[in-house]
Amino acid sequence: MPHDRLPSMLRACITAVSLVAASGAAYAAEGSECHVGSYKLTDGRIVDIAPLEGDRLRWRSFDGAVGELKPGPDGGWQSLYGWTGRPDGIDVDLGACGAGKIRFAGSEGQRLAFDETTADFTGRDGVTLKGRLVMPEGTGKVPVVVLVHGAERDAALRFNFLQRLFPAAGIGVFVYDKRGTGTSGGVYTQDFDLLADDAIAAMATARKLAGTRAGRVGYQGASQGGWVAPLAANRAPADFVIVSFGLAVSILDEDLQQMEMELTDKGYPPEIIAKAQEIARAAGEIFASNFKGGYAEFDAVRAKYRGESWYKDVHGHITWLLLPHEEAAMRAEGPKYDWGTPFRYDPMATLTANRTAQLWVLGGRDYQAPAKETSRRLGTLIDAGKPFTLAVYPGAEHGITLFETAPDGTRVSTRFAEGYFAMMRDFIKHGSIDAAYGDAAIRRAGAGD
């Protein structure tokens, strides 16, 4: 992601506070982008080619397999496994630039053509936003999904691969650069209320552009978009909502839950975790006050525990940003985090008031959006008869990707969980899903545990 030109603490906060999707892309050279598109292979598989930084590309198969493409020494392309940087042995030939041909793992393929319409539309407060409707070719009705940004600053119009992968599966997509990103106007914000109104404007634009072709129309919100999309659906009619690796708790609670997961994985007992969470609560007060207060309390709790052997392993989602710094440094950097982030926002009132069918897809090993409490809360809504479906992939992290863990604990993603894209496709098309998608544990109203 293009964060390398930002101040160091600001870069860290974008990654931590923002719930950045794991699969975000950076900027790509124009020379390689002539290959960008979704391709249908002769064996029926769908493979999408997306831009990456420099002259590299990223391929994704509808079944969840992923690889990176970099120019090879012979002028062709070398495929690398997931995000690992290791060769995967898959033969990929993209042919001449602009030819729309591919040879992938022994199968030939042709780039799919879509009907695309670009449009400016007006978000809240008169901000001009840039969007694009991407429809499967034809004249018949199709469902349409509005893609709601996570907290990333990347231009969705350029980098959100779902704008092609869903149309390749017979679904229309409206994708837009949220305010302050890409080609859209306005100032970058994490104000969920404001972003929800922008999403409503995006849906209205999608309906207008799709016209008589629009069937079911709803939202897919990833990461931070999981707070925004349900708000939008409660304010204006929508046929469905998909939340991918989102949360049904506040940002402050997320910090506590991430800390619990991390320290549990390191073998610490509950009494140590409780002490570490004292530090997290004090750090959260500084963020929630917009860096205007809470410093004395934070200093006191740090001093109380700094000499403990476990202190070095305290991290969390936002706490670690403040741990090395004294008050003056934190106050100086604080204004750079003024994005209107509602740290205390609890989405349960919104979810309880919901009447729209929702699919929540979570990763059981997701540090950034821990699934445990969110799953419990969604379970109470399911038990109450709310139209929610919950799917948890036990081994997946943020982005619903599987991963390898290095000896030092570093994670490297290898692929998307099997069935993840198919599950979203089916819910968009039918408002329900089948019984099995890979190893996801699925729970829905009326089906028990």
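Novice: Can you walk me through the layout of surface pockets in this structure?
Specialist: One way to see where empty space is left: roll a probe the size of a water molecule over the atoms. Quantified by volume, the second largest pocket comes out at close to 300 Å³. In terms of lining, the second largest pocket is formed by 20 residues, of which the most central are Glu116, Arg132, Leu157, Gln163 and Arg164. Counting residues per element, the ones that place at least two in the lining of the second largest pocket are β1 (37-41), β9 (114-122), β10 (128-136), α3 (156-159) and α4 (162-168). Here the lining of the second largest pocket is composed, by residue class, of 8 nonpolar, 5 polar and 7 charged.

Novice: Would you explain the pairing of β9 in this entry?
Specialist: For a regular strand, side-chain orientation follows a simple rule: the groups alternate between the two sheet faces. When β9 meets β10, the two strands line up antiparallel, connected through 9 bridges. Residue pairing across strands places Phe121 opposite Leu129, the latter belonging to β10.

Novice: When you look at helix α7 (residues 251-265) in this model, what are you seeing that I'm missing?
Specialist: Since one α-helical turn is 3.6 residues long, residues separated by three or four positions face the same way. A rise of 1.5 Å per residue sets the reference length of α7, with its 15 residues, at 21 Å; its end C-alpha atoms lie 21 Å apart and thus fit the reference within 8%. Burial analysis of α7 places 11 of its 15 residues in the buried class, which makes it a mostly covered element. Of the positions making up α7, those classed as buried are Ile251, Leu252, Glu254, Asp255, Leu256, Gln257, Gln258, Met259, Met261, Glu262 and Leu263. As for α7, its buried residues are in contact with α5 (192-210), α6 (225-235), α8 (270-288), α10 (319-322) and α13 (371-383). Looking at the residues trailing α7, positive phi occurs at Gly267, about 90 degrees.

Novice: Mind showing me how you'd approach the packing of α5 against α6 here?
Specialist: Packed helix pairs are specified by the crossing angle of their axes together with the interaxial distance, meaning the distance between the axes. The N-to-C vectors of α5 and α6 enclose an angle of 60 degrees; their axes lie 8 Å apart at closest approach. Between α5 and α6, the crossing angle belongs to the class labelled oblique. Every pair of crossing elements has a handedness; the one defined by α5 and α6 is right-handed. Touching Phe192, Asp193, Leu195, Ala196, Asp197, Ala199 and Ile200 of α5 are Trp227, Val228, Leu231, Ala232 and Arg235, all from α6.

Novice: I keep staring at the nonpolar core and nothing clicks. Help me out?
Specialist: Side chains of nonpolar character tend, in soluble globular proteins, to be buried together. Grouped together as the largest cluster of nonpolar side chains are 81 residues, with contacts concentrated most on Tyr219, Ile279, Phe298 and Trp360. If you look at the next biggest cluster of nonpolar residues, it comprises 39 residues, including Leu157, Phe421, Met424 and Ala440.

Novice: Looking at this structure, how should I read the packing of aromatic side chains?
Specialist: How two aromatic rings sit relative to each other is set out by the distance from centre to centre and by the angle between their planes. Overall, the coordinates contain 20 aromatic pairs when judged by the stated rule. Ring plane angle 75 degrees and centroid distance 5.9 Å describe the contact between Phe161 and Phe421, whose orientation is recorded as edge-to-face. Residue Phe161 is found in the loop between α3 and α4, and its partner Phe421 is found in helix α14 (residues 420-430); the two are separated by 260 residues along the sequence. Across this residue pair, the class does not change: Phe161 and Phe421 are buried.

Novice: How should I be thinking about the packing of α7 against α8 in this particular structure?
Specialist: Put simply, α7 and α8 touch, their axes get as near as 9 Å, and they point 150 degrees apart. One way to sum up the angle between α7 and α8 is to call them roughly antiparallel. As for the relative orientation of α7 and α8, their crossing is right-handed in sense. Between α7 and α8, the residues in contact are Leu252, Asp255, Leu256, Met259, Glu260, Leu263 and Thr264 and Ile273, Ala276, Gln277, Ala280, Arg281, Gly284 and Ala288, respectively.

Novice: How should I be thinking about unusual backbone geometry in this particular structure?
Specialist: Negative phi values dominate among residues other than glycine, just as trans dominates among peptide bonds. Positioned with a positive phi, Ser223 is a non-glycine residue whose angle comes to about 55 degrees. Along the chain, Ser223 turns up in the loop between β13 (214-222) and α6. With a phi angle near 65 degrees, Phe291 is a residue other than glycine that sits in the positive phi range. Among the structural elements, Phe291 can be located in the loop between α8 and α9 (295-305). Judged by its relative accessible area of 5%, Phe291 falls in the buried class.

Each value, and the rule that gives it
- Residues numbered from 1 in each chain as written.
- Predicted model: local features only at pLDDT ≥ 70, side-chain atom pairs only at ≥ 80, totals over all residues.
- Heavy atoms only, no water.
- 1 Å grid on protein atoms, 1.4 Å probe; cavity = no way out; pocket = protein on both sides within 12 Å on 5 of 7 lines; lining within 4 Å.
- Points joined across faces, edges and corners; volume = space filled by probe spheres on them.
- Helix = DSSP H or I, 4+ residues; strand = E, 2+ residues; numbered from the N terminus.
- Nonpolar A, V, L, I, M, F, W, Y, C, P; charged D, E, K, R; others polar.
- Pairing = 2+ DSSP bridges.
- Expected span 1.5 Å × (residues − 1).
- Buried < 20%, exposed > 50% of the residue type's maximum accessible area, 1.4 Å probe, protein only.
- Contact = heavy atoms within 4.5 Å.
- Axes fitted to C-alpha atoms, helices over the stretch in contact; angles between N-to-C directions.
- Parallel < 35°, antiparallel > 145°, perpendicular 65-115°, else oblique.
- Left-handed = near helix turned anticlockwise from the far one by under 90°.
- Core = buried A, V, L, I, M, F, W, Y, C linked by side-chain atoms within 4.5 Å.
- Phe/Tyr/Trp six-rings, centres within 6.5 Å; stacked < 30°, edge-to-face > 60°.

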